[in-house]
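A look at the structure
Here are the chains, one letter per residue:
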Protein chains: 2
Amino acid sequence: MKLTVQKDRFNEAVQHASKAISSRTAIPILSGIKIEADAKGLVLTASDTDISIQCFIPAEEDGMRLVHLEREGSVVLPARFLSELIKKLPSPQVELEMGDSFLTTIRSGSSEVQIMGLDPEDYPQLPELEENRRFTLPSDLLKSMIKQTVFAVSTNESTPILTGILWNVNDQRIKFTACDRHRLASRTTSLDVDADFQLPAVVIAGRTMGELNKILPDDNALIDIVIADNQVLFRLPSLLFYTRILEGTYPDTSRLIPTSFQTEIVMDTKNLIDAIDRANLLSREEKTNIVRLWMKEDGTIEISSSSSELGKMTEQLNAHSITGELLRISFNSKYMLDALRAIDSDRIHIGFSGATAPIIIQPEDRTGVLQLILPYRTTN
Amino acid sequence: MKLTVQKDRFNEAVQHASKAISSRTAIPILSGIKIEADAKGLVLTASDTDISIQCFIPAEEDGMRLVHLEREGSVVLPARFLSELIKKLPSPQVELEMGDSFLTTIRSGSSEVQIMGLDPEDYPQLPELEENRRFTLPSDLLKSMIKQTVFAVSTNESTPILTGILWNVNDQRIKFTACDRHRLASRTTSLDVDADFQLPAVVIAGRTMGELNKILPDDNALIDIVIADNQVLFRLPSLLFYTRILEGTYPDTSRLIPTSFQTEIVMDTKNLIDAIDRANLLSREEKTNIVRLWMKEDGTIEISSSSSELGKMTEQLNAHSITGELLRISFNSKYMLDALRAIDSDRIHIGFSGATAPIIIQPEDRTGVLQLILPYRTTN
């Protein structure tokens, strides 16, 4: 292998591929990035067996030469060192040349680095996917859907299926659901597919979705999503992101969500977030994060919390509307903040079915995002 | 105590004072900030016994009312909670009211927080300093002097005096020196004092100087510096910063610094920093951080390093001049990077007295900053 590649593009590909590298892999070759060079360009592959990322640098793009190939070949180079070295190289061009025993020389300006590479034949093969089930989502929409749900996945590995985000696709809609037994976050949006398009339920690890979120561009470029039997592939411009589907059956959460409420309030989202953020300064000292919400006859909402060491706080907020039975209810301030911050709407609708039933938080128009948190059963 | 204060000014004072709070104080009252209110305004005091910070908010400034006093008084409030609460308060005005048992109510907008305070009588007194030895330095110059030396203080508590920065004042000059037995960093500048002004040598903890650096403004406002028997006071606009002087005798480092060299080179600072930064990617894997510098007949300098696991690198740099005997020398790449980055000059002068004598790094004009690092005794 011998070639010259533009430093910026090589750096970008190395940084993206490195997102799949685990810092504590037990398989030495998986701490490396496989680099393959041929007339079409460069392919970089990295994997931690859960996530695999493949980046492409075409030989030519928009009439500009990105890779000058002298000799085809492939090698596996240490990812962490490579990702730090490339961005520090002095020249905008980087030359790669593999010699004997996979010893690879990287030249840039007057800098010459020899890296001990590994045999690419030992690198695991990426899965071949059947591309018969696929659809597309705009990148920025997919990012929102991840951010509005991923915080609610369980971190408890004893129920692995709950560490993932559930995907349901039917009726030309796609829904993400995350649930950790104390709260649930969901986001639904319409999907540009045929009316009879259907998918089996798919669960993808929250950690994986978080890594994907870091790589997805912030624009509305369409991301191709291919669902195979046990893998999902996200196809971005110049990048393939593979992840495995979590095994197991996701619990039915639909019965948790009431269809009507005993009490409904509409409030200004930011005012409520700010008040609970202040209450959280005291409640978090107590581990349980208890904050109390009290609806009053005069149409105001009192938020309060306390800490045995520090003191207590109360705050009055105006509700835009309160309908139904006036309640006093307690909940986890951290969960409530996560839920409120996932709602991109100036006003929120909160539905209650008594002091011990799930609290449902939605945007005022009650579409798209639905957040559920279980209240605390307290005596006041 | 009852008063209303502008939130922004109160927040700024609390954030500044909090810099003196240690997260692991064994004395409960020192986890708090003492707040004293009278007709002149508010005084906030915080201390970890090594550093004490006192901030002032005048009742009125430039014709603007900052504090509305209703009742004088004082209280100690928990620093960490206060510093997070104040910036989150909803209104630009904050009301403080102390009730029974130092229970203090903070009101802002519709938010009301009750904090358990402590008795200000239990708060330790700040030292009274004799102001007979004082001088001034511009804030930005003092910040540079700290940044150019503080990294070289020893972190080894077995020789406490070396964890500090030595101040020498004489001949209308001030010099900071830091030394950890492997390297030395010094910065000298002229001082606007009478010709006969002198000070005994003063050593101030590096950690303290680092905290002061965070508080000093980035402008050239003159900072008043008062040296007492065992304390130094830095007087900023609206802020007093007290620190104790380290006890003990600082070793004489002057004999470490050669007055003439066998070899002198002048190089482009940035090129050398970048090359050693790349070499450091390999050398740091070996704990010793060994980088080699080899002066060649053709007037180039070769920088090289290696790692048994990753590989090796070499790089050729042009020197602007090499005079004297051509050397091969090895040194710690991290120390060399720290030294080079402390020099604010496009070209650097490096002086050598053989492969085993101290390396002296200075700006090309050889004034102001002087950095010394000991070479490694290696066999190549």
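Residues numbered from 1 in each chain as written. Chains lettered and ligands numbered in written order. Predicted model: local features only at pLDDT ≥ 70, side-chain atom pairs only at ≥ 80, totals over all residues. Heavy atoms only, no water.

What follows covers the overall build of chain A. Secondary structure assignment for chain A yields six helices and 28 strands. When its C-alpha atoms are laid out on the principal axes, chain A stretches across 80 × 55 × 40 Å. For chain A, with 380 residues in total, the buried portion stands at 54%. In chain A, of all internal contacts separated by at least 6 residues, the share reaching a separation of at least 24 is 65%. Computing the positive centroid from 40 side-chain charges and the negative centroid from 53, chain A places the two 6 Å apart. (Helix = DSSP H or I, 4+ residues; strand = E, 2+ residues; numbered from the N terminus. Buried < 20%, exposed > 50% of the residue type's maximum accessible area, 1.4 Å probe, protein only. Contact = heavy atoms within 4.5 Å. Lys, Arg positive; Asp, Glu negative; His and termini not counted. Charge placed at Lys NZ, Arg CZ, Asp CG, Glu CD.)

Turning to helix α5 (residues 269-283) of chain B, a few remarks are in order. Residue and element names in this part refer to chain B. With 15 residues, α5 extends 20 Å from end C-alpha to end C-alpha; this agrees with the ideal 21 Å at 1.5 Å per step. The buried fraction of α5 is high, at twelve of 15 residues. Among the residues of α5, Thr 269, Leu 272, Ile 273, Ala 275, Ile 276, Asp 277, Arg 278, Ala 279, Asn 280, Leu 281, Leu 282 and Ser 283 are the ones counted as buried. Measuring from the backbone nitrogen of Lys 270 back to the side-chain oxygen at the start of α5 gives 3.3 Å, which picks out Asp 268 as the cap. (Expected span 1.5 Å × (residues − 1). Polar contact = N/O pair within 3.5 Å; in protein donor to acceptor, adjacent residues only side chain to side chain.)

Time to look at the side chain of B:Asp224. Residue and element names in this part refer to chain B. For Asp 224, the location among the structural elements is in strand β17 (residues 222-227). Looking at Asp 224, its side chain comes within polar contact range of the side chain of Arg 134, at 2.7 Å. Among the polar contacts made by the side chain of Asp 224, one reaches the side chain of Arg 235 at a distance of 2.7 Å. The contacts of Asp 224, once residues within four sequence positions are left out, are Arg 134, Phe 135, Thr 136, Leu 233, Phe 234 and Arg 235.

Moving on, we get to the relation of the copies chain A and chain B. Least-squares fitting of chain A to chain B yields an RMSD of 0.0 Å, with the transformation described by 0.0 Å of translation along the axis and a rotation of 180°. Both copies of the chain, as the preceding transformation shows, are related through a two-fold rotation axis. Distance from the rotation axis, computed per C-alpha, reaches its smallest value in chain A at A:Ser23: 15 Å. Counting the interface residues of chain A, we find that 100% of their copies in chain B are interface residues as well, pointing to one common contact surface. (Least-squares fit on C-alpha atoms with pLDDT ≥ 70 in both.)

We now examine the pattern of salt bridges. The full count for this structure, using the stated rule, is 64 salt bridges over all chains. Note that B:Asp218 is salt-bridged to B:Lys143, the shortest N-O span being 3.6 Å. One end of the pair, B:Asp218, is in the loop between α4 (206-215) and β17; the other, B:Lys143, is in helix α3 (residues 139-147), with 75 residues separating them in the sequence. Looking at B:Asp218, the relative accessible area reads 64%, which means it is exposed. It is possible to trace a salt-bridge network through shared partners that takes in A:Arg71, A:Glu95, A:Glu97, A:Arg107 and A:Glu112. (Salt bridge = Lys/Arg side-chain N within 4 Å of Asp/Glu carboxyl O.)

Moving on, we get to the interface of chain A and chain B. Listed per partner, the contact involves 31 residues of chain A and 31 residues of chain B. Counting each side, the surface lost to burial between chain A and chain B is near 2,700 Å², with a carbon and sulfur contribution of 52%. Seen at the junction of chain A and chain B, the total is 18 residue pairs in polar contact (both at pLDDT 80 or more). Broken down by secondary-structure element, the contributors of at least two residues to the side of chain A that touches chain B are α2 (79-88), β11 (111-116), α5 (269-283) and β23 (311-318) of chain A. Each residue belonging to the side of chain A that touches chain B can be placed in one class, and the counts come to twelve nonpolar, eight polar and eleven charged. Sheet topology places β23(A) next to strand β11 (residues 111-116) of chain B; five bridges connect them, and they run antiparallel. Across the sheet, the residue bridging to A:Glu315 is B:Ser111, located in β11(B). (Buried area = accessible area lost by both parts, 1.4 Å probe. Nonpolar A, V, L, I, M, F, W, Y, C, P; charged D, E, K, R; others polar. Pairing = 2+ DSSP bridges.)

Before going further, it helps to spend a moment on the pairing of strand β27 (residues 359-363) of chain B. All names here are of chain B. Of all five residues that make up β27, five are buried, and the element is covered over most of its length. Bridge count for strand β26 (residues 347-352) against β27 is four bridges, and the pairing is antiparallel. Of the residues in β27, the one forming a bridge with Ile 350 is Ile 361. The turn joining β26 and β27, which pair antiparallel and follow one another in sequence, is formed by six residues; a positive phi near 95° is taken by Gly 354. Hairpin connection between β27 and strand β28 (residues 369-373): a loop of five residues separates the two successive antiparallel strands, and Arg 366 in this loop has a positive phi of roughly 55°.

So, on to the nonpolar core. Counting 105 residues, the largest nonpolar core has B:Phe10, B:Phe135, B:Trp167 and B:Phe234 as its most contacted members. Top element by residues in this core is α5(A). It accounts for seven residues. Contacts of B:Trp167, omitting those with residues within four sequence positions, involve B:Phe135, B:Ile174, B:Lys175, B:Phe176, B:Pro200, B:Ala201, B:Val202, B:Ile204, B:Met209, B:Ile225 and B:Phe234. In terms of nonpolar packing, the next biggest core, distinct from the first, is built from 102 residues, B:Ile265, B:Met267, B:Leu337 and B:Ile350 among them. (Core = buried A, V, L, I, M, F, W, Y, C linked by side-chain atoms within 4.5 Å.)

What follows covers the UniProt feature "domain: DNA polymerase III beta sliding clamp C-terminal" (unreviewed entry) in chain A. In the UniProt entry, the feature "domain: DNA polymerase III beta sliding clamp C-terminal" (unreviewed entry) is given for residues 255-377 of chain A. In the segment residues 255-377 of chain A, helix accounts for 20% and strand for 43%; the C-alpha atoms at its two ends are 20 Å apart. (UniProt positions renumbered as here; feature names shortened; annotations may be inferred.)

What follows deals with the sheet that holds strand β2 (residues 32-38) of chain A. All names here are of chain A. Across the sheet, eight strands lie side by side as β8-β2-β3-β4-β19-β18-β17-β12; this open sheet has antiparallel pairing. Among the strands making up the open sheet, the edge pair consists of β8 (73-78) and β12 (134-138). Sheet twist, expressed as the mean angle between neighbouring strand axes with direction ignored, is 20°. Pairing geometry for β2 and strand β3 (residues 41-47), over five bridges, is antiparallel. Residue pairing for β3: Ile 35 is matched across the bridge by Leu 44. Strands in contact with α2 are β2 and β8; relative to β8, the strand with the most contacts, it is inclined by about 95°. (Axes fitted to C-alpha atoms, helices over the stretch in contact; angles between N-to-C directions.)

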